[in-house]
Amino acid sequence: MEFTALFLAIAITMLVAWYGSRTLAFSLFAVVLIACVATFLHHATDALKLSF
Amino acid sequence: MTSHRAIALNVLALYALAALLAAAFTAQFILGELPCPLCLLQRIMFALLAIGPILNIRFGPRPSHYALSLLAAVVGASVSTRQVLLHIMPGDAGYGTALFGYHYYTWALIGFIAAIVLLSLVLLFDRQFEKAPTAHPTPGVIAHVAVWFVIGLTAANVASTLLECGFKACADDPKVYELLK
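The present account deals with the structure reproduced in this document. As a convention, each chain's residues are numbered from 1 in the sequence order in which they are written. Here the convention is simple: chains get letters from A, ligands get numbers from 1, in the order in which they are written. Residues qualify for local features only when their pLDDT is at least 70, as the model is predicted, and side-chain atom pairs are given and counted only at 80 or more; totals for whole chains, interfaces and linings, by contrast, use all residues. Hydrogen atoms and water are omitted, and side-chain values are computed over all heavy atoms in the structure.

## Things to note about the packing of aromatic side chains
When two rings of Phe, Tyr or Trp (its six-membered ring) have centres within 6.5 Å they constitute a pair, described as stacked for plane angles under 30 degrees, edge-to-face for angles over 60, and tilted for the intermediate range. Enumeration according to the criterion identifies 6 aromatic pairs over all chains in this entry. Between the aromatic rings of Tyr19(A) and Trp148(B), the centroid separation amounts to 6.2 Å while the plane-to-plane angle is 50 degrees, which identifies the pairing as tilted. A residue pair is termed interchain when its members come from two chains, as with Tyr19(A) in helix 1 (residues 2–19) and Trp148(B) in helix 6 (residues 141–165). Trp148(B) sits in the partly exposed class, given a relative accessible area of 38%. Plain terms: the ring middles of Tyr66(B) and Phe129(B) are 6.1 Å apart, the flat faces sit at 80 degrees to each other, and that makes the pair edge-to-face. Of the two residues, Tyr66(B) is situated in helix 4 (residues 63–86) and Phe129(B) in the loop between helix 5 (104–123) and helix 6; the sequence distance between them amounts to 63 residues. Placement of a charge over a ring requires the Lys NZ or Arg CZ to be within 6 Å of the ring centre, with the centre-to-atom vector within 35 degrees of the ring normal. For Arg43(B), the ring lying beneath its charged end belongs to Phe25(B), and the centroid distance is 5.5 Å. Starting at the N terminus, helices and strands are each numbered in turn, a helix being any DSSP run of H or I of at least four residues and a strand any DSSP run of E of at least two. The classification of residues rests on relative accessible area computed with a 1.4 Å probe and restricted to protein chains. Under 20% of the type maximum is buried, over 50% is exposed, and intermediate values are partly exposed.

## Topic: the pattern of salt bridges
Residue and element names in this part refer to chain B. Basic side-chain nitrogens of Lys or Arg form a salt bridge, by our definition, when they fall within 4 Å of a carboxyl oxygen of Asp or Glu. Counted by the stated rule, this structure contains 1 salt bridge over all chains. Salt-bridge contacts for Glu-178 lead to Lys-168; the nearest nitrogen and oxygen are separated by 3.3 Å. Of this pair, Glu-178 sits in the segment after helix 6 while Lys-168 is found in the segment after helix 6, placing the two residues 10 residues apart along the sequence.

## Digging into the side chain of Arg43(B)
Within the element layout of this structure, Arg43(B) appears in helix 2 (residues 37–49). Positive charges come from Lys and Arg alone, negative charges from Asp and Glu alone, with His and the N- and C-terminal ends not counted. No salt bridge is formed by the buried Arg43(B); its nearest oppositely charged neighbour, Glu164(B), is found at 6.5 Å.

## What to know about helix 2 of chain B
Over its 13 residues, helix 2 of chain B extends 18 Å from the first C-alpha to the last, a length consistent with the 18 Å expected when each residue adds 1.5 Å. Within helix 2 of chain B, 13 of the 13 residues are buried, which leaves the element mostly enclosed by the surrounding structure. Helix span is expected to be 1.5 Å times the residue number reduced by one.

## As for the environment of Gly96(B)
Residues and elements named next belong to chain B. Within the fold, Gly-96 resides in the loop between helix 4 and helix 5. With 60 residues separating them along the chain, Gly-96 and Cys-36 place their C-alpha atoms 9.3 Å apart. Every residue in contact with Gly-96, bar those within four places of it in the chain, is listed here: Glu-33 and His-103. The criterion used for residue contact is that any of the two residues' heavy atoms lie within 4.5 Å.

## Side note on the interface of chain B and chain A
Taken together, the contacts link 46 residues of chain B with 33 residues of chain A. Summing the contributions of chain B and of chain A, the shared interface buries around 3600 Å²; its carbon and sulfur component is 80%. If you look at where chain B meets chain A, you find 0 salt bridges. Two N or O atoms count as a polar contact when they lie within 3.5 Å, although within protein this holds only if one can serve as hydrogen donor and the other as acceptor, and sequence-adjacent residues are included solely when both atoms are side-chain atoms. Our enumeration of links across chain B and chain A arrives at 8 residue pairs in polar contact (both at pLDDT 80 or more). Only helix 2, helix 3 (51–59), helix 4 and helix 6 of chain B provide two or more residues apiece to the side of chain B that touches chain A. Counting residues per element, the side of chain B that touches chain A draws most heavily on helix 6 of chain B, which supplies 11 residues. Residue composition of the side of chain B that touches chain A, grouped by class: 32 nonpolar, 8 polar and 6 charged. The term buried area denotes the loss of accessible surface (1.4 Å probe radius) that occurs when two parts are joined, taken as the sum for both partners. Asp, Glu, Lys and Arg are counted as charged, while Ala, Val, Leu, Ile, Met, Phe, Trp, Tyr, Cys and Pro are counted as nonpolar; the rest, among them Gly, fall into the polar class.

This is how it looks when you write it as structure tokens:
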């Protein structure tokens with residue numbers, strides 16, 4: 001679900017970058033990037049199933 | 001490098017990103033391999049990388065636009081490095097099918113590092129930033145098509161991810177489309 005939301009947020013940011021204001025595009029980019037890093041850190045703290 | 005040349009390079013970069021997202025889709029549907037959460041995050045970072053070129057084409061080249069792409073490429077490289085390290089032990093078959101000897105996440109890492117190097121090289125050319133933003137030309141048809149390719153593929157990923165994960169967290173090793181079972 002979080003990935004669907006991220007793709008949707010990026011599509012909206014792209015549309016704003018192409019048709020809307022530059023400042024809004026930058027703000028949306030910042031929000032999406034922080035959300036991506038948070039999602040990555042969430043998955044990076046999963047227990048690793050190592051083979052040794 | 002003039003502003004016009006820089007914009008042409010940015011249009012080219014958008015086509016390259018569109019080709020990359022299309023290739024990931026092709027592998028997903030032809031090979032029937034569903035992308036894992038980290039694979040999806042790498043696709044997301046490639047899509048996020050496209051925002052810098054879109055801004056460069058619309059408003060003219062600026063260092064801040066390249067900075068956005070650099071940030072996205074650095075986060076993308078971190079994600080793909082994480083996945084490479086998950087499968088680095090000898091005997092580990094890796095996740096998914098290998099393409100020309102490397103798995104997709106290894107290719108993604110190479111792609112993100114290439115993006116960082118190319119963006120740094122393009123930033124060396126100061127002349128592209130000299131033109132006044134008001135004198136920036138209107139984007140042509142080729143640029144419009146490139147932007148809409150990338151937006152279309154990102155929108156297609158919204159639909160595909162929704163089908164794959166449904167309305168809950170994506171499975172670590174997805175085998176079926178949650179909304180189609």
